[in-house]
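# Geometric and topological summary
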Amino acid sequence: MTDAVYQSPAYKRSRRAYCMQAAFEYFIAILVSDAYLAKLLTHIGLDDALIGIIASLISAAFLFQLTAVFFVGRIRRVKRTVILFNILGCLLFTGLYLIPFLPGSTSFKSTLVIGCLLLAYFGNYFVASMLFKWANSFVDPGKRGEYSATKEMISLISGMVFTLIVGVVIDRCEALDRLTAGFLFIACAGLILSVCCFVCLTMIEADTKKHAVPDADKAAAPRHSMREVLANTFGNRSFVNVVILMSLWNIAQYLTLGFLGTFKTTDLLLSVGTVQIINIAANLVRFCISKPFGRYSDKTSYARGMQLAMVIAALGFFVNIFTTKSTWWCIILYTILHNASYAGTNQNSYNILYSYVDADYFVEAMAIKNSIAGVLGFAASLVGAKILAAVQQNGNTLFGLPMYGQQLLSLLSCVLVLICILFLRTVIGRQTVMRQ
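The rules behind these values
Residues numbered from 1 in each chain as written. Predicted model: local features only at pLDDT ≥ 70, side-chain atom pairs only at ≥ 80, totals over all residues. Heavy atoms only, no water. Helix = DSSP H or I, 4+ residues; strand = E, 2+ residues; numbered from the N terminus. Rg over C-alpha atoms; globule rule 2.2 N^0.38 Å. Buried < 20%, exposed > 50% of the residue type's maximum accessible area, 1.4 Å probe, protein only. Contact = heavy atoms within 4.5 Å. Areas by Shrake-Rupley, 256 points an atom, 1.4 Å probe, with all protein chains shown as cover. Lys, Arg positive; Asp, Glu negative; His and termini not counted. Charge placed at Lys NZ, Arg CZ, Asp CG, Glu CD. Polar contact = N/O pair within 3.5 Å; in protein donor to acceptor, adjacent residues only side chain to side chain. Expected span 1.5 Å × (residues − 1). pLDDT = per-residue confidence, 0-100. Phe/Tyr/Trp six-rings, centres within 6.5 Å; stacked < 30°, edge-to-face > 60°. Lys NZ or Arg CZ within 6 Å of the ring centre and 35° of its normal. Salt bridge = Lys/Arg side-chain N within 4 Å of Asp/Glu carboxyl O. Core = buried A, V, L, I, M, F, W, Y, C linked by side-chain atoms within 4.5 Å. Axes fitted to C-alpha atoms, helices over the stretch in contact; angles between N-to-C directions. Parallel < 35°, antiparallel > 145°, perpendicular 65-115°, else oblique. Left-handed = near helix turned anticlockwise from the far one by under 90°. Patch = residues over 30% accessible without salt bridge, like charges linked within 9 Å, V, L, I, M, F, W, Y side chains within 5 Å. Disulfide = S-S within 2.5 Å.

## A closer look at the overall build of the protein
- Helix and strand counts for the protein come out as 20 helices and two strands.
- In terms of overall dimensions, the protein is globule-like: its C-alpha atoms have a radius of gyration of 22 Å, near the 22 Å expected for 436 residues.
- For the protein, the spread of C-alpha atoms along the three principal axes comes to 70 × 55 × 40 Å.
- With 436 residues in all, the protein has 50% of them scored as buried.
- Long-range contacts, defined as pairs at least 24 residues apart, comprise 84% of the intrachain contacts of the protein with a sequence gap of at least 6.
- With an accessible surface of roughly 20,000 Å², the protein has 66% of that area assigned to carbon and sulfur atoms.
- In the protein, 35 side chains carry a positive charge and 21 a negative one; their mean positions are 4 Å apart.

Right under this line is the structure:
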């Protein structure tokens, strides 16, 4: 495909639409994130234990991506399917904030919340890999890293503004003892965002081929047997190595990340406002380096981009090993370094499949990779919880030395990230790269 095709109005419009859709979908994800969702569930009357169970269900929802493996070959209209399931998920997320207005018991509302969440995540995850492959087909292969960085930057900076606006509205409504008015505001915002997502998805071209080849018929997605899928995924050593890498990375992440929130507020005694200021500063750093990271990945390889990012992540975990009440400022350095690493790991974790998997099996490969890495990451969080509890029960000491559980977890995560870097250099970095 020539450069002129990628510069055509249809391709440019599709790329712009995907950037905006990703931002709008990110806004909806913010609305059902921990803080807002916890506020909703508490208002309905759920106790902390049940809220924790629901949070665990959400963490395991990535398994829905595996369903794409069995159905993608039978889908003939990718655009129509993506729009249907994606918008269904967005509307179900929005509908969560209307549940407090419904009559019925807490038990009934709890069941409704769980049902809506699971169906919403199913809708999103079922078509997530299809959407990524379809929308990215309008991006020049030599500029995928830079484009992904631009898309992420738009979502990141606009998401910060969106979070502040919604946060102010919710805090104001709660101060006036009218929290349900805040829920209604979120529901209206979610509905508008869902419409915006729908419009953006309709603006993305249905097929690249009809612009690459004049008057060409729309090509249906090739249908693969399960044997072919397995042969081109698990039978592909390069792909298996990517799965190993992302599994190790997820284990390193989830082993520690979920326990740092309480560490900041309970152990380090930082206020919520201070934590938010630190997060905003870290996100601004990530915003500034996203484009350079994308260009570096395009110039070298997605694997090299991830390797550089993981070096930064390892430094972040290393710094966090020394975070105590007297050295609380280390958490600032950790947060900045960790968020900065996302500039090179977030999008490259998806783009790297272009280098090692045949494009015809991209959707199945992404679903398999995300599901396996997700399961192991979730399992790592359970192990992390056990380690943290053991250290706390021992009076925050290890072998007689004073140490917070989060410091020990950061040490383990640092070691795992170093293993990821070594694996990237010695194994994945030596694999043959496909250009497609």
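## With respect to the side chain of Asn-351
- Along the chain, Asn-351 turns up in helix H17 (residues 348–351).
- Within polar-contact distance, the side chain of Asn-351 engages the side chain of Ser-148 at 3.1 Å.
- When near neighbours in sequence (up to four residues on either side) are disregarded, Asn-351 contacts Phe-132, Arg-144, Gly-145, Ser-148 and Tyr-302.

## Looking at helix H15 (residues 302–320)
- In this model H15 runs 27 Å from its N-terminal to its C-terminal C-alpha over 19 residues, within 8% of the 27 Å that 1.5 Å per residue would give.
- Across the 19 residues of H15, 14 count as buried, placing the element largely inside the fold.

## Quick look at the confidence of the model for the protein
- Mean pLDDT over the protein works out to 86, with 92% of the residues at or above the 70 mark.
- When pLDDT is averaged over each element of the protein, H15 comes out on top at 96 and helix H10 (residues 209–212) at the bottom at 48.
- Below pLDDT 50 for its whole length, residues 210–221 participates in 20 contacts with residues either more than four positions away or in separate chains.

## Some words on the packing of aromatic side chains
- Applying the stated criterion to the full structure yields 20 aromatic pairs.
- Where Phe-85 meets Phe-122, the ring centres are 6.3 Å apart and the plane angle is 75°; that geometry is what we call edge-to-face. Taken together, the residues Phe-85 in helix H6 (residues 78–95) and Phe-122 in helix H7 (residues 106–136) connect sequence positions 37 residues apart.
- For the pair Tyr-121 and Tyr-125, a centre-to-centre distance of 5.7 Å together with 25° between the ring planes defines the contact as stacked. Of this pair, Tyr-121 and Tyr-125 both sit in helix H7, four residues apart, which is roughly one turn of the helix.
- In this structure Tyr-121 comes out as buried when scored by relative accessible area, which is 13%.
- An aromatic cluster is defined as three or more aromatic residues linked by ring pairs; in this entry it consists of Phe-64, Phe-85, Phe-122 and Phe-126.
- Stacked on the ring of Tyr-354, the Lys or Arg Arg-144 has its end atom at 3.6 Å from the ring centre.
- Above the ring of Tyr-350, the side-chain terminus of Lys-369 is found at 5.3 Å from the ring centroid.

## A few points about unusual backbone geometry
- Notably, Asp-177 is not glycine yet its phi reads approximately 60°, a positive angle.
- On the secondary structure map, Asp-177 appears in the loop between helix H8 (144–175) and helix H9 (179–203).

## A word on the pattern of salt bridges
- Applying the stated criterion across every chain, the model contains four salt bridges.
- Between Glu-146 and Arg-295 there is a salt bridge; the shortest N-O distance is 3.4 Å. Placement of the pair is Glu-146 in helix H8 and Arg-295 in helix H14 (residues 272–299), with a sequence separation of 149 residues.
- Judged by relative accessible area, which is 24%, Glu-146 ranks as partly exposed.

## Thoughts on the nonpolar core
- Of all hydrophobic cores here, the largest spans 110 residues; its most connected members are Leu-96, Tyr-97, Met-130, Leu-245, Met-310, Val-417 and Ile-428.
- Top contributing element to this core by residue count: H7, with 12 residues.
- Apart from the residues within four sequence positions on either side, Met-130 is in contact with Ala-68, Val-72, Ile-75, Val-78, Val-82 and Val-363.
- Membership of the second largest hydrophobic core comes to five residues, among which are Phe-293, Ala-309, Ile-312 and Ala-343.

## Structural notes on the packing of H15 against helix H16 (residues 330–345)
- Axis separation between H15 and H16 bottoms out at 8 Å; the angle between their running directions is 165°. In this view, H15 runs roughly antiparallel relative to H16, as classed from their interaxial angle. Of the two possible hands of crossing, H15 and H16 adopt the one that is left-handed. Listed contacts from H16 to Gly-305, Met-306, Ala-309, Met-310, Ile-312, Ala-313, Leu-315, Gly-316, Phe-317, Val-319 and Asn-320 of H15 are Cys-330, Ile-331, Leu-333, Tyr-334, Leu-337, His-338, Ala-340, Ser-341, Gly-344 and Thr-345.

## Topic: a nonpolar patch on the surface
- A cluster of nonpolar side chains, contributed by Leu-91, Leu-191, Val-195, Phe-198, Val-199 and Met-203, occupies part of the molecular surface with about 500 Å² of accessible area.
- Residue contributions to the nonpolar patch peak at five residues, all from H9.
- Among the structural elements, Val-195 can be located in helix H9.

## Observations concerning the state of the cysteines
- For the coordinates displayed, the defined rule picks out zero disulfides.
- This cysteine, Cys-19, is not joined by any disulfide, and Cys-200 carries the nearest cysteine sulfur, 9.9 Å off.
- Not engaged in a disulfide, the cysteine Cys-288 finds its nearest cysteine sulfur in Cys-19; these two sulfurs lie 18 Å apart.
- Exposure remark for Cys-288: the relative accessible area of 56% places this residue in the exposed category.

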